[in-house]
Amino acid sequence: MQIVVESFENEFRGLHQRLQVLLQRCPEASLFLGSPSAGENLIRSAAEIEMIFGGITTRLWDDPFEWTLPEELADKESIGEYFEQVAKTCDRGLEMLASDEDLARLIPAPEELTPISEILHRGIRRSTFHLEVAEDLLRSEPGGRS
């Protein structure tokens, strides 16, 4: 049975959709205006997802900081392509979960054994946090929605 796994799939699909919508709403010229910026937070939101699924699938818990710098992802097109790569990484990780029982499996994350379900919850929380910061920044821009 995969009731909980499907719930996680829906959560991550929802995060991906929100990332895409917010990226489209963000004017190209103001992607990286201010500190923090909406663009940085959108990228950090996706990076959190990439990091947890990289950890789950390959046990590499590296923060994708180096390849998610504004110098690397400087425009909406490159950021959108990065979001698609992250979605594929997420899909590969979720495919490894054949049943809800797999969510209880303990894996090194990165320093101590942690159930996969806890890792996924943690990733959703951190990704959502960055999304909400980006939403707030976009709302506070002149002409942004309140």
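Residues numbered from 1 in each chain as written. Predicted model: local features only at pLDDT ≥ 70, side-chain atom pairs only at ≥ 80, totals over all residues. Heavy atoms only, no water.

## Notes on the overall build of the chain
Phase 1 of the analysis: The helix and strand tally for the chain stands at four helices and two strands.
Phase 2 of the analysis: Across the chain, helices and strands are ordered from the amino to the carboxyl terminus as α-α-α-β-β-α.
Phase 3 of the analysis: Across its three principal directions, the C-alpha atoms of the chain cover 50 × 30 × 25 Å.
Phase 4 of the analysis: Counting the 146 residues in the chain, one finds 47% classified as buried. (Helix = DSSP H or I, 4+ residues; strand = E, 2+ residues; numbered from the N terminus. Buried < 20%, exposed > 50% of the residue type's maximum accessible area, 1.4 Å probe, protein only.)

## A word on helix α3 (residues 76-95)
Phase 1 of the analysis: For α3, with 20 residues, the first-to-last C-alpha span of 28 Å sits near the 28 Å given by 1.5 Å per residue.
Phase 2 of the analysis: Along α3, the residues that are buried comprise K76, S78, I79, G80, Y82, F83, V86, A87, T89, C90, G93 and L94.
Phase 3 of the analysis: Looking at the buried side of α3, the elements it contacts are α1 (3-25) and α2 (38-58). (Expected span 1.5 Å × (residues − 1). Contact = heavy atoms within 4.5 Å.)

## Concerning the nonpolar core
Phase 1 of the analysis: F12, L42, F53, I56, Y82, F83 and L120 are the most contacted members of the largest nonpolar core, which totals 37 residues.
Phase 2 of the analysis: When residues of this core are traced back to their parent elements, those giving at least two are α1, α2, α3 and α4 (116-140).
Phase 3 of the analysis: Among the elements that take part in this core, α2 stands out by supplying nine residues, more than any other.
Phase 4 of the analysis: If sequence neighbours within four positions are ignored, F53 has contacts with F12, T89, C90, G93, L94 and L120. (Core = buried A, V, L, I, M, F, W, Y, C linked by side-chain atoms within 4.5 Å.)

## Notes on α2
Phase 1 of the analysis: Helix length check: α2 (21 residues) gives 30 Å between terminal C-alpha atoms against 30 Å at 1.5 Å per residue, within 8%.
Phase 2 of the analysis: The buried fraction of α2 is high, at 18 of 21 residues.
Phase 3 of the analysis: The positive-phi residue at the C-terminal boundary of α2 is R59, with phi of around 65°.

## Some words on the packing of α1 against α4
Phase 1 of the analysis: Following both chains from N to C, one finds α1 and α4 inclined at 20°, their axes separated by 11 Å at the closest point. As summarised for this structure, α1 and α4 are arranged roughly parallel, according to the angle between their axes. Our pair here, α1 against α4, has a crossing hand that is left-handed. For the pair formed by α1 and α4, the contact residues are F8, E11, F12, L15, R18, L19, L22 and R25 on the first element and S117, L120, H121, I124, S127, T128, L131, E132, E135, L138 and R139 on the second.
Phase 2 of the analysis: Residue composition of the contact of α1 with α4, by class: nine nonpolar, four polar and six charged. (Axes fitted to C-alpha atoms, helices over the stretch in contact; angles between N-to-C directions. Parallel < 35°, antiparallel > 145°, perpendicular 65-115°, else oblique. Left-handed = near helix turned anticlockwise from the far one by under 90°. Nonpolar A, V, L, I, M, F, W, Y, C, P; charged D, E, K, R; others polar.)

## Some remarks on the pattern of salt bridges
Phase 1 of the analysis: Applying the stated criterion across every chain yields a total of seven salt bridges.
Phase 2 of the analysis: With a shortest N-O distance of 2.8 Å, E48 and R126 are connected by a salt bridge. Of the two residues, E48 is situated in helix α2 and R126 in helix α4; the sequence distance between them amounts to 78 residues.
Phase 3 of the analysis: When its relative accessible area of 6% is taken as the criterion, E48 is described as buried.
Phase 4 of the analysis: Judged by its relative accessible area of 32%, R126 falls in the partly exposed class.
Phase 5 of the analysis: Ionic pairing is found between R122 and E118, a salt bridge with its closest N-O pair at 2.9 Å. One end of the pair is R122 and the other is E118, both in helix α4 and four residues apart, which spans about a single turn.
Phase 6 of the analysis: Judged by relative accessible area, which is 38%, E118 ranks as partly exposed.
Phase 7 of the analysis: What you see here is one network of salt bridges that share partners, running through R44, E48 and R126. (Salt bridge = Lys/Arg side-chain N within 4 Å of Asp/Glu carboxyl O.)

## What about the packing of aromatic side chains?
Phase 1 of the analysis: The tally for this structure, following the rule as stated, stands at two aromatic pairs.
Phase 2 of the analysis: Taking 5.0 Å as the distance between ring centres and 75° as the angle between the ring planes, the aromatic pair formed by F12 and F53 counts as edge-to-face. In this pair, F12 is assigned in helix α1 and F53 in helix α2, connecting sequence segments 41 residues apart.
Phase 3 of the analysis: Judged by relative accessible area, F12 falls into the buried class, the value being 3%. (Phe/Tyr/Trp six-rings, centres within 6.5 Å; stacked < 30°, edge-to-face > 60°.)

In short, the description is geometric, and any link to function would need to be established separately.
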